[in-house]
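# Residue-level structure breakdown
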Amino acid sequence: MACSSSLIAEENFVCSICLSVFTKPVSIPCGHTFCSECITNYWDTRAIFPCPLCKEEFHIKPMLRVNTVIQEMAEQLKNRVGETSGTFEQAGNGNVLCSMCTEAKAAVKSCLVCFMSFCEKHLEPHQKVPTLKKHKLINPVENLESRICKMHDEPLDLFCRVDHQFVCEVCKSDHKTHMIVPLEEEAQMRRVLLGNEKTHTDKMIQERQQKIQEIQNSMEASRNNAAKALSCSLHVMTALVSYIKRSHAELTEVIEMKQKKAGTEAEGFIKELGEEIMQINQKNVELNQVSLANDPLKFLENLLSLTISEPQVKDWSNVTLTSDEFIEQRALAKLQTTVMREISMLCDPDLKEKQRHAVDVTLDPDTANPQLTVSADGKQVTHGNRKRNVPNKQERFDHVLNVLAKEGFSSGKFYYEVQVKDKPQWDLGVANQSINRKGDIRLSPKNGYWTIWLRKGNEFTANAGPAITLPERKMPQKVGVFVDYEEGQVSFYDVDARANIFSFTECNFTEKLFPFFSPCDNDEGKNSAPLIITPVKHKS
């Protein structure tokens, strides 16, 4: 704004629609003036054409002509106060301007009595004149009228903390029992609270930025570790393949040498036996000649005159050429089993094939211990804090926290997966149909159970009888169970790592097997997560 003497004149040249100095001002029949573009846009979507100020309506759209007199005066005003860059625009940019200056100059204080803002020069009277020194000065603000109580025309310089309202001195009587404080005090208190809140939010942002950095560092470390693992696996597997190839070449040579030696030995035996047969045949020829004489006298004369040389032969009864398997076959079979078992503990390449034997498994609530709760769909089981009122059926576990699946299997292969996420304790496996379900139970193959369990969040055990403590590993989120009935095998897998946890082998199954589950005690909420039978997802 310019000086006070020009304030009214300036406002007469401001369009009431765009609130800027007129551009191509046009007057309408009621006498009011607007920018040509502003009034045209205002009327564009209307069937009746009202005046934006006095609301007089025109049923026929008035013809608009530029008011040249007002346009010239508006242009002069623009040139005088620098409207090109815009005094009004400057005010809109957050700078409160002095109400007395003819040029745009920032105010340092606003007066709630004069309803004006002043720069340092024009503020001097309020600092020297006794009457003016009593006026209420505040930091520069626009729209001073909003700081005055509309009921009492007094400055709104107080704040009610109960009603959260701005009040003047007269309004205080309506808030007698309320906490009334000066506006500055409330603002200062709120600034402190806001500062504390901002400090808190800044800290939260900083903590999360640090956490993002930690996660990014972990991701980078994970990528590096994965690269090292891939490089190591490639190096080790390449070395193993190379060693196996060289060993195979050496073993082939050894076996061929053994076979050649055995062949040479056999040929020697055959040759020696052939020579002995020739000697024996010579003796037979001589004996046959004697036996041809029919006359007893002649026969005896020939026999007595015959000198028979005994063949030089040896006793062959204990001489054998072994045709048993080479001992290498047994060693190689053992090597194959060992290598496959060790590799499967890292990542079993056969798991995808085993997942093809996935079956739909649901829990049998009739076998569940009364303290266990089985979901309606039969896919989840948890340990509750109260005993359910259920019939004591023969098939129900009455003491231990176990439950079986409805589905049993007496042949072929089957596979299913169970989510064990957030559980520090659980039991999983398969069990014979004829198992004991009453009282205390010991899990072992001898008692018809092939199971593993987790205790204390990191202690893995295979209940093999005696129990086998399994190596420490990252705790699985999901466990896969695979059974090959004919081969007598029960294997447990960390599904995400695709690694074998443990395998029972050479089992002798003679009856129907049922998937076995125990969520274990909820341990005051520490083990409250359910065991969940999940759909099997495998890639072809």
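Residues numbered from 1 in each chain as written. Predicted model: local features only at pLDDT ≥ 70, side-chain atom pairs only at ≥ 80, totals over all residues. Heavy atoms only, no water.

Okay, unusual backbone geometry next. Even without being glycine, Lys24 reaches a positive phi, approximately 50 degrees. Its location among the elements puts Lys24 in the loop between helix 1 (7–11) and strand 1 (25–27). In this model, His164 sits at a positive phi of 55 degrees, which is unusual for a non-glycine residue. Among the secondary structure elements, His164 is positioned in the loop between strand 8 (158–160) and strand 9 (165–167). His164 sits in the exposed class, given a relative accessible area of 53%. (Helix = DSSP H or I, 4+ residues; strand = E, 2+ residues; numbered from the N terminus. Buried < 20%, exposed > 50% of the residue type's maximum accessible area, 1.4 Å probe, protein only.)

Quick look at the sheet that holds strand 19 (residues 478–484) now. Through backbone hydrogen bonds, the strands of a sheet pair up, either in parallel or in antiparallel fashion. Here seven strands make up an open sheet; going across it, the order is 11-12-23-14-19-20-21 and the pairing antiparallel. Two strands close off the open sheet at either side, each with one partner strand: strand 11 (372–374) and strand 21 (499–504). Strand-to-strand twist of the sheet, defined as the mean angle between neighbouring strand axes without regard to direction, takes the value 20 degrees. The pairing of strand 19 with strand 20 (residues 489–494) spans six bridges and is classified as antiparallel. Bridging across to strand 20, Val483 finds its partner in Val490. (Pairing = 2+ DSSP bridges. Axes fitted to C-alpha atoms, helices over the stretch in contact; angles between N-to-C directions.)

Time to look at the sheet that holds strand 15 (residues 426–432). Here six strands make up an open sheet; going across it, the order is 13-22-15-16-17-18 and the pairing antiparallel. Sheet topology places strand 13 (403–404) and strand 18 (468–469) at the edges, where each strand pairs with a single neighbour. As judged from the four bridges shared by strand 16 (residues 449–455) and strand 17 (residues 459–462), these two strands associate in the antiparallel manner. Residue pairing across strands places Leu454 opposite Phe460, the latter belonging to strand 17.

All told, the structure shown has 11 aromatic pairs when counted by the stated rule. Between Tyr416 and Phe517, the aromatic rings sit 6.0 Å apart at their centres with planes inclined by 50 degrees, giving tilted as the arrangement. Of this pair, Tyr416 sits in strand 14 (residues 413–419) while Phe517 sits in strand 22 (residues 513–518), placing them 101 residues apart in sequence. Across this residue pair, the class does not change: Tyr416 and Phe517 are buried. Taking the centre distance of 5.4 Å and the plane angle of 40 degrees together, the rings of Tyr485 and Phe509 count as tilted. (Phe/Tyr/Trp six-rings, centres within 6.5 Å; stacked < 30°, edge-to-face > 60°.)

Take a nonpolar patch on the surface next. On the surface, a nonpolar cluster with roughly 460 Å² of combined accessible area is contributed by Val236, Met237, Leu240, Tyr243 and Ile244. Within the secondary structure, Met237 sits in helix 7 (residues 183–291). (Patch = residues over 30% accessible without salt bridge, like charges linked within 9 Å, V, L, I, M, F, W, Y side chains within 5 Å. Areas by Shrake-Rupley, 256 points an atom, 1.4 Å probe, with all protein chains shown as cover. Salt bridge = Lys/Arg side-chain N within 4 Å of Asp/Glu carboxyl O.)

Let us look at the nonpolar core. Judged by nonpolar contacts, the single largest core of 38 residues is most densely connected at Trp426, Val490 and Phe517. Each residue touching Val490, except ones within four places of it in the same chain, is listed here: Val430, Trp450, Val481, Phe482, Val483, Phe502, Ser503, Phe504 and Phe509. Counting residues in each nonpolar core, the second largest holds 17 residues, with Phe13, Val21, Cys35 and Leu77 among its members. (Core = buried A, V, L, I, M, F, W, Y, C linked by side-chain atoms within 4.5 Å. Contact = heavy atoms within 4.5 Å.)

Moving on, we get to the pattern of salt bridges. In the structure shown here, the tally under the stated rule is 16 salt bridges. The partner of Glu169 in a salt bridge is Lys172, with the nearest N and O atoms 3.7 Å apart. By relative accessible area, Glu169 is classed as partly exposed at 47%. The salt bridge partner of Arg190 is Glu186, with a shortest N-O separation of 2.6 Å. Separated by four residues within a single helix, Arg190 and Glu186 lie in helix 7, roughly one turn from each other. Through salt bridges that share partners, Arg161, Glu185, Glu186 and Arg190 make up one connected network.

Burial analysis of strand 22 places six of its six residues in the buried class, the great majority of the element. Sheet analysis places strand 13 next to strand 22, joined by two bridges and oriented antiparallel. Bridge pairing in strand 22 places Leu404 opposite Phe516. Relative to strand 22, strand 15 is paired through six bridges, and the arrangement is antiparallel.

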